[in-house]
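Notes for the structure review
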Amino acid sequence: APLILSWFENPHVRWNVKKYLEVYSMLTWLVVTALLVFYGLLPNSIKNYPIEFLCIPFLFWAAFRFGKREVATITFVLSIIAITGTLNGYGPFARYSPNESLLLLQMFMVFSVVIAQLVAVIIFKWKKAEEALLYTTFLVENSEDAIIGKTLQGIIMSWNRGAQKIYGYTSEEALGRHISFLSPNNRSEELKDMLTRLSTGDRINQYETKRVRKDGRLIDVSLTISPILDQRGDIIGASAIAQDITQRKIFESQRESQAMALAESNRELEKRERIMRSLLEDIQASKAKLEDQKKVLQDANKRLETLSAMKDEFVATVSHELRTPLTAIKEGVSLLVDRLLGPLNDEQQDFLNTVDQNVDRLTELINNMLDLSKIEAGRLRMFRRGIDVGKLINETIQNYKTITGARKIKMNFSSTPLVFADSSRIMQVFGNLFSNAVKFTDNQGAIYLNASLAQEGYLEISIQDNGIGIEKEDIPKLFKKFSQVGQRRAQGTGLGLALCKELVELHGGAVEVASELGKGSCFKFSLPLYTPDLAMDEYFKEQAQRSEQGKNEGVGMIVLDIEPLLKIGSLWRGGKEDVEFFVRKHLREGDAVFWMSPDRMIILAATSSKTLTQTVQHLLNAIGERLTAAMGQKKIPVRVKFGTAHSPTDATEAHQMYKVAVERLNPQEVAAQYP
C-alpha cells in the first residue's frame, strides 16, 4: 500500500543520468546484501550477529538521497527477498514455525520502514524549508528595493543589494552601524519616533521621507517598516523596505508645475476665447457685409464681362469694317501713285503720297488695337520656335530701306544663337523700335543695332540712335497706351511701344530704355535662347491650357525617331524641314512640333490617350503611303520608332512624359509591303 500510494501521489520521474546510475547502484547493492542476509549465503561464523541490520543503511540511503516514494520502493524489494528467504528457512528470522518466522520478520520490517519513512519525511520538510529559505533569500537579495534588517536599538543586521544600489554603501560598510547614518541631520527626531513606534508593535506604511546617499546626495524614499517577532511573539527587531521615489517626486513636481501652467493657460485661453467670440461676431457681421459686396461685385463683373464681350465684338467688327474699305483705298491709291490710271502732276503726286501714308497709319492703328485687345483677353496666339534673330532683323531692315534715307545703319549680329520666339511678332517689335529710331534721328544721324548674350539663357537686342533723346521724367510714360512724349512728336497713335512691351513680356523677356536729351536713346529687349528643354516645357504649358479651355482630356506626347526616314534622300529632298512640314500637315491646327535632337521629333497635343494612339496610327499610314508613292516596288526595310505618353495618366510634367515616351520607343513597320 505505501508503494502504490507514494507512486500514485508522485508518478513522474525527473532524474538525470547520474541519478539513474545511483538508483541502479543502490538497488543492486540492496539485492546483493538482502540475498546474503536472508538466503543464508554468509559464513556460519557471523550468523549469530545481528546481520539483518545490514539492510538498514539502504533505507536511509533512499530517505536522504531520494524520498518517500523511493523508500517505499526499496522496502518493497527488500520485503520480497526477506519473505521468500525466511519462508525457505534462511536468514536471521528463520524458526521452526513459519508463522513465528514471519511475525519476527514483520516486526523488523515495520520498525525499519517507520524509521526510514520518518527520516524521509523529515528530510523532505527540511529540503522544502531550505528551498523556501533560499527563495526568500534570493528575492530579498535581488529586490530593487532596499530591504534592511535592524534591531530595536537601530543596529543594522542585514543589507541587500537593493540597499547598496539605493544608498551606495556595501553590506560590509553598513552592517553593524546604527541606522541613523542614513538620515539627514535635521531628521534625527523622526528616526527616534519610528523606533519608538516599532517597539510598541506599530507598523509604518509607505512613509515618505529623505535619506542621504554615500555620495552625500539627498534622495526621496518611501519606507515600509514592520516589527520582527520571535517564536514567543516578542519584538526582537524590525524589517525596513525602502523604495527610491526621487524620480517620482521630480515627476510629481513637474506635473504640479505643468498643472499650474495648464491652469494659467486655461485662464489665458478662456480670455482669448472671449476675445475670439467677439472677433467672430465682428467677422460674421463683416462676412454679411462682404456677401452683400460680393453680390454687388458679381453683378458688376457680369456687367464688365458683358461690356468686355461687347468691346471685343465692337473692336472686331470695327476692325473688319475699317479694313475692308481701307484695303480698297490702299489698292486704289497704289494704282494712282504707280500712274497705272494715267499721268499725275507733282501736286497730285504729293497728295496721293499723303493719303497712302495715312492709310498705312490707320491700318497700323487697327492692327495694334486688335493685338492689344487679344493680349488683354488672353487670346493672342503665338507660334514660337527657334529663330535666327540676325537673319530676321536683316529682313526687317530691308523692308524699311525707303525711310532710312542717308542715316547710317551699323549692325553687329555675328553668329547669334537661336531664340525661342514668334518670328512675326519679333519682326513687329523690332520694326516698331527701328522705325521710331529713324523718326527721331536726323537724316545725317546713325542707328546702331547690336545683339549679345545678356543674363544666362537670354539674348539682348539693342537699337541705339543719336537722335533727339527723351527727357528723364518722360521715360516712365513711354509704354503707356496712347502716350507720346517730347516736344517733337512724330505722327503715330501712341500704341506701338505699349504693344512692344506686351509682346516681349509674353515671350518671357523684358524691355528697357536709356536716354539722354539731345544725345539719343537706346532701347533694349531680351528674348529667351532656344533649347529643346525650354521648347518642350513651353509647348506643354500651351497644350495644357488648350486642354483646359476645351474638353480637358489632357496632353499627349509622341516621340518620333526618324533616322531611317532621313536616310532616304529621295523621299525628303528638303531634309528635316520637309519631314516637319509633312508631319504638321497630318496633325491638327495648334499641335506643337519641334526637334529634341537632329533625328528625334517631339509632338505635343491637347488630346485624350485614345486619340493619341489614333494619331500615331494615322502618321504611320501617311508615312507608309508616301513611301509607297516614292519607292514604287522597291523593297527596303524601313522602321520608325514611336513612343507615347499622356498627362496626367503617365506623368504630370513635360520631362517626366518625355522619359516615359522614350522608354516606350518601339520600332513600327510603316508599310506592310516593307517587312
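Note that the structure is a prediction, hence the values are computed from the model and not measured.

**Looking at the overall build of the protein**
Assigned secondary structure in the protein consists of 19 helices and 17 strands. Long-range pairs, those at least 24 residues apart, make up 64% of the contacts in the protein between residues at least 6 apart in sequence. With the model as given, the accessible surface of the protein reaches about 40700 Å², and the carbon-plus-sulfur share is 56%.

**Some points on the pairing of strand β4 (residues 218–229)**
Note: strand β3 (residues 204–212) against β4, 7 bridges, orientation antiparallel. Following the sheet pairing, Glu208 is matched in β4 by Ser222. Note: β4 against strand β5 (residues 235–244), 9 bridges, orientation antiparallel. The residue of β5 that forms the bridge with Thr224 is Ile241. If you look at the hairpin formed by β4 and β5, you'll find 5 residues sitting between the two strands, and Gly233 has a positive phi there, around 90°.

**Things to note about the pairing of β5**
Of the strand pairs in this sheet, strand β1 (residues 146–151) and β5 are connected by 6 bridges, and their pairing is antiparallel. By the bridge assignment, Thr151 is partnered in β5 with Gly237.

**Digging into the packing of helix α11 (residues 389–399) against helix α13 (residues 423–439)**
The N-to-C vectors of α11 and α13 enclose an angle of 55°; their axes lie 10 Å apart at closest approach. With respect to α13, the element α11 is oriented oblique. Relative to α13, the crossing made by α11 is right-handed. Contacts from Leu392, Ile393, Glu395, Thr396 and Ile397 of α11 reach α13 at Ser423, Ile426, Met427, Phe430, Gly431 and Phe434. For the contact of α11 with α13, the per-class residue count stands at 7 nonpolar, 3 polar and 1 charged.

**Considering the sheet that holds strand β12 (residues 520–528)**
If you trace the 5 strands from one edge of the open sheet to the other, you get β7-β9-β10-β12-β11, paired in mixed fashion. The open sheet is flanked by β7 (408–412) and β11 (511–516), the only strands paired with a single partner. Across the sheet, the mean angle separating the axes of adjacent strands is 15° when strand polarity is ignored. Of the strand pairs in this sheet, strand β9 (residues 446–453) and strand β10 (residues 458–465) are connected by 7 bridges, and their pairing is antiparallel. Its bridge partner lying in β10, Ser452 is registered against Glu460.

**A look at the pattern of salt bridges**
According to the stated counting rule, one finds 25 salt bridges in the structure shown. One salt bridge in this structure joins Asp220 and Lys210, with 2.8 Å as the shortest N-O distance. Taken as a pair, Asp220 in strand β4 and Lys210 in strand β3 lie far apart in primary sequence, 10 residues in all. For Lys210, a relative accessible area of 29% translates into the label partly exposed. Of the charged contacts in the structure, one is a salt bridge between Arg277 and Glu273, with a shortest N-O distance of 2.6 Å.

Analysis parameters
- Residues numbered from 1 in each chain as written.
- Predicted model: local features only at pLDDT ≥ 70, side-chain atom pairs only at ≥ 80, totals over all residues.
- Heavy atoms only, no water.
- Helix = DSSP H or I, 4+ residues; strand = E, 2+ residues; numbered from the N terminus.
- Contact = heavy atoms within 4.5 Å.
- Areas by Shrake-Rupley, 256 points an atom, 1.4 Å probe, with all protein chains shown as cover.
- Pairing = 2+ DSSP bridges.
- Axes fitted to C-alpha atoms, helices over the stretch in contact; angles between N-to-C directions.
- Parallel < 35°, antiparallel > 145°, perpendicular 65-115°, else oblique.
- Left-handed = near helix turned anticlockwise from the far one by under 90°.
- Nonpolar A, V, L, I, M, F, W, Y, C, P; charged D, E, K, R; others polar.
- Salt bridge = Lys/Arg side-chain N within 4 Å of Asp/Glu carboxyl O.
- Buried < 20%, exposed > 50% of the residue type's maximum accessible area, 1.4 Å probe, protein only.

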